[in-house]
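As a plain string of letters, each chain reads:
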Amino acid sequence: MANIVLVGAQWGDEGKGKIIDVLTENSDVIIRSQGGNNAGHTVFVGKTKYVLHLIPSGILRGNKLCIIGNGVVIDPVGLLKEIEGLVAMNIPVSGQLFISQSAHIVMPWHKQLDLLKESRKGDEKIGTTKNGIGPAYSEKADRTGIRMVDFIQPERFKALLKERLEEHNKNFLAHGMEALDFNSIYTTYSEIAAKLKPFVKETVTLLYKARKEGKSILFEGAQGTFLDIDHGTYPFVTSSNTTAGGACTGSGFPPHHIDKVMGVAKAYSTRVGGGPMPTENAEISDLLHGLGREFGATTGRARRCGWHDCVITRTAVMINGIDELALTNLDGLDTVETIKLCTAYECDGVQYDYVPSDITLLERCKPVYKEFAGWKTPTTGARSWEELPENARLYLKALEQECQTRIAILSVGPARDETFTVHE
Ligand code: IMP
Ligand code: MG
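Source: prediction; values computed, not measured.

(A) Structural context of the overall build of the chain. The number of helices and strands found in the chain is 13 helices and 20 strands. For a compact globule of 424 residues, the expected C-alpha radius of gyration is about 22 Å, and the chain comes in at 22 Å, within 12% of that figure. In terms of overall dimensions, the chain has a C-alpha envelope of 65 × 50 × 40 Å along the principal axes. In the chain, which comprises 424 residues, the proportion classed as buried is 58%. Taking as baseline every contact in the chain between residues at least 6 positions apart, the subset at least 24 positions apart corresponds to 75%. If you sum the accessible surface of the chain, you get close to 17,700 Å²; carbon and sulfur atoms cover 51% of it. Seen as two clouds, the 47 positive and the 52 negative side-chain charges of the chain have centres 4 Å apart.

Listed below in structure tokens is the structure:
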């Protein structure tokens with residue numbers, strides 16, 4: 001029995017969905033505490049592929065309590081679609097999924113604002129997923145957001161909707177955009193609210209009760225450490241705390257009851273959207289895209305790819321207190337002749353062993369590499385450390401040492417069983 005926080009150690013898409021799915025076997029409660037449907041967690045059960053954006057991946061295991069916590073911003077249209085999609089695939093949701101009353105909702109104007117902001121930015125585009133995530137968190141901080149508890153009460157929702165639309169429509173009209181129509185939004189959204197209402201609960205007490213009963217709680221992080229609003233490569237970040245602390249604030253769970261923080265990283269690196277990525281290079285990008293890998297689960301965009309960056313992972317270990325690492329996509333390197341591992345950055349003759357927060361400095365940093373001979377054998381069949389090729393073990397040992405953490409789980413393919421535990 002342990003309460004585990006799972007965080008992405010890179011820029012998201014580390015394969016958290018799959019690792020969560022594996023860990024869920026031994027958990028009773030799975031909770032999302034930040035982000036929204038900008039996240040895309042892919043899980044394969046047998047040959048069936050599931051992509052979840054808002055609902056915790058634990059829902060696929062059946063008989064687990066799944067919570068969308070207060071720190072998540074919820075697009076009601078997206079959530080209902082996800083619920084209906086699961087039901088259509090015979091996955092039970094009712095009685096297992098609970099939504100925090102305090103979670104804020106994403107409205108159509110948030111998506112319009114995302115479009116409007118990004119269209120003005122030219123070269124400095126953040127490359128958001130255009131799901132309205134940033135504007136929804138901005139309104140939350142501005143104390144003008146709409147929470148689930150308001151949303152499911154028709155009269156309250158109506159009043160708030162009227163008030164918010166008046167303000168936003170003035171802005172849209174001033175920018176030559178069409179105004180949003182109150183009646184059509186109210187009709188659509190109040191119907192959705194009625195359908196979501198049975199799922200909305202006081203999730204803080206639900207979580208407290210589960211903890212008191214000795215249940216194992218798993219916090220399903222979304223995005224990754226370097227997309228964190230405080231610790232990421234600002235301004236090329238998302239709008240929530242994707243690091244371990246966000247699990248507590250986004251759920252109402254006490255920090256000292258967390259037993260373990262597990263980081264998830266890929267055997268190489270990927271990033272979607274703008275912002276610095278020191279190890280990005282065409283060789284590995286072309287290779288992975290050629291293998292049909294590394295296209296986004298949410299937007300379908302081709303991800304930027306690079307060698308594994310130990311400076312990134314090491315800094316993520318520092319910020320999150322990562323006890324153990326789950327390393328994914330090892331099989332993506334199966335055909336590479338010479339594999340590089342970034343161990344430090346260099347800029348103006350100075351070496352850095354952590355990620356500098358000055359983005360203009362980070363943008364100029366050049367990776368310092370160690371080279372490893374590839375193993376050039378498929379690893380997907382391996383189910384233990386011993387079954388891995390010698391060169392793969394050498395690479396992984398060096399990675400552990402450079403990142404100052406241990407690899408506890410290795411993933412060598414997309415399926416649930418293409419994963420194994422690495423013993424100390
Ligand atoms: P937003 O979260 O949609 O505002 O996007 C902000 C930045 O975070 C963009 O660079 C996105 O590509 C990136 N981002 C947001 N969510 C994810 C994710 O789940 N995986 C990878 N990148 C993401
Ligand atoms: Mg993803």
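(B) Inspection of the pattern of salt bridges at higher detail. Counted according to the given criterion, the structure contains 22 salt bridges. Glu402 is paired through a salt bridge with Lys370; the nearest N and O atoms lie 3.0 Å apart. Placement of the pair is Glu402 in helix H13 (residues 390-403) and Lys370 in strand S18 (residues 366-373), with a sequence separation of 32 residues. Here Glu402 falls in the buried class, since its relative accessible area comes to 17%.

(C) Quick peek at the site of ligand 1. Around ligand 1, a shell composed of 15 residues is seen, among which Asp13, Asn38, Thr129, Thr238 and Val272 lie nearest. Take Asp13: an N or O atom from its side chain is 3.2 Å from a nitrogen atom of ligand 1. The contact in question runs from an oxygen atom of ligand 1 to an N or O atom on the side chain of Thr238, over 2.6 Å. When isolated, ligand 1 has an accessible area of 460 Å², and the protein chains bury 97% of it. Among the cavities detected, the one that contains ligand 1 is the largest pocket. Taken together, the residues of the shell around ligand 1 sort by class into 6 nonpolar, 7 polar and 2 charged.

(D) Representation of the sheet that holds strand S15 (residues 324-328) within the structure. Taken in spatial order, the 10 strands of this open sheet run S9-S7-S5-S2-S10-S1-S11-S15-S19-S20, and their pairing is mixed. Looking at which strands have only one partner, the edges of the open sheet turn out to be strand S9 (200-201) and strand S20 (419-421). Examined bridge by bridge, strand S5 (residues 65-68) and strand S7 (residues 97-100) share 3 bridges and lie parallel to one another. Bridge pairing links Ile67 to Phe98 in S7. In the packing of H13 onto the sheet, contacts are made with S15 and strand S19 (406-411), and the angle to S19 comes to roughly 135 degrees.

(E) Focus on the packing of aromatic side chains. Summed over all chains, the structure comprises 8 aromatic pairs. On the numbers, 5.9 Å between centres and 25 degrees between planes, the contact of Phe157 with Tyr186 is stacked. Here Phe157, found in helix H6 (residues 154-174), pairs with Tyr186, found in helix H7 (residues 182-196); they are 29 residues apart in sequence, far enough to count as distant. Neither residue differs from the other here; Phe157 and Tyr186 are each classed as buried.

(F) Region of interest: the state of the cysteines. Taken as a whole, this structure holds 0 disulfides when the rule is applied. Its sulfur unpaired, Cys305 is 16 Å from the next cysteine sulfur, which belongs to Cys342.

(G) Main features of the packing of H6 against H7. Closest axis-to-axis distance for the H6/H7 pair is 11 Å, and the angle between their directions is 145 degrees. With respect to the hand of their crossing, H6 and H7 are arranged in right-handed fashion. Between H6 and H7, the contacting residues are Pro154, Phe157, Lys158, Leu161, Lys162 and Leu165 on the first element and Phe182, Ile185, Tyr186, Tyr189 and Ser190 on the second. Looking at side-chain class alone, the contact of H6 with H7 contains 8 nonpolar, 1 polar and 2 charged residues.

(H) Examining the layout of surface pockets more closely. By volume, the largest pocket is sized at about 760 Å³. Around the largest pocket, the lining comprises 39 residues; the ones closest to its centre are Ile126, Thr128, Thr129, Val237 and Thr238. Those elements giving two or more residues to the lining of the largest pocket turn out to be helix H3 (108-120) and helix H4 (133-141). The biggest single contributor to the lining of the largest pocket is H4, with 4 residues.

(I) Quick peek at the pairing of S15. Within S15, 5 of the 5 residues are buried, which leaves it mostly tucked inside the rest of the structure. A two-sided burial pattern is seen for S15, the buried positions comprising Glu324, Ala326 and Thr328 on one face and Leu325 and Leu327 on the other. Pairing analysis gives 4 bridges linking S15 to S19, with the strands arranged parallel. Paired with Leu327 across the strands is Leu410, a residue of S19.

Cut-off values and rules
- Residues numbered from 1 in each chain as written.
- Chains lettered and ligands numbered in written order.
- Predicted model: local features only at pLDDT ≥ 70, side-chain atom pairs only at ≥ 80, totals over all residues.
- Heavy atoms only, no water.
- Helix = DSSP H or I, 4+ residues; strand = E, 2+ residues; numbered from the N terminus.
- Rg over C-alpha atoms; globule rule 2.2 N^0.38 Å.
- Buried < 20%, exposed > 50% of the residue type's maximum accessible area, 1.4 Å probe, protein only.
- Contact = heavy atoms within 4.5 Å.
- Areas by Shrake-Rupley, 256 points an atom, 1.4 Å probe, with all protein chains shown as cover.
- Lys, Arg positive; Asp, Glu negative; His and termini not counted.
- Charge placed at Lys NZ, Arg CZ, Asp CG, Glu CD.
- Salt bridge = Lys/Arg side-chain N within 4 Å of Asp/Glu carboxyl O.
- Near = heavy atom within 4 Å.
- Polar contact = N/O pair within 3.5 Å; in protein donor to acceptor, adjacent residues only side chain to side chain.
- 1 Å grid on protein atoms, 1.4 Å probe; cavity = no way out; pocket = protein on both sides within 12 Å on 5 of 7 lines; lining within 4 Å.
- Sits in = over half its atoms within 2 Å of the grid points.
- Nonpolar A, V, L, I, M, F, W, Y, C, P; charged D, E, K, R; others polar.
- Pairing = 2+ DSSP bridges.
- Axes fitted to C-alpha atoms, helices over the stretch in contact; angles between N-to-C directions.
- Phe/Tyr/Trp six-rings, centres within 6.5 Å; stacked < 30°, edge-to-face > 60°.
- Disulfide = S-S within 2.5 Å.
- Left-handed = near helix turned anticlockwise from the far one by under 90°.
- Points joined across faces, edges and corners; volume = space filled by probe spheres on them.

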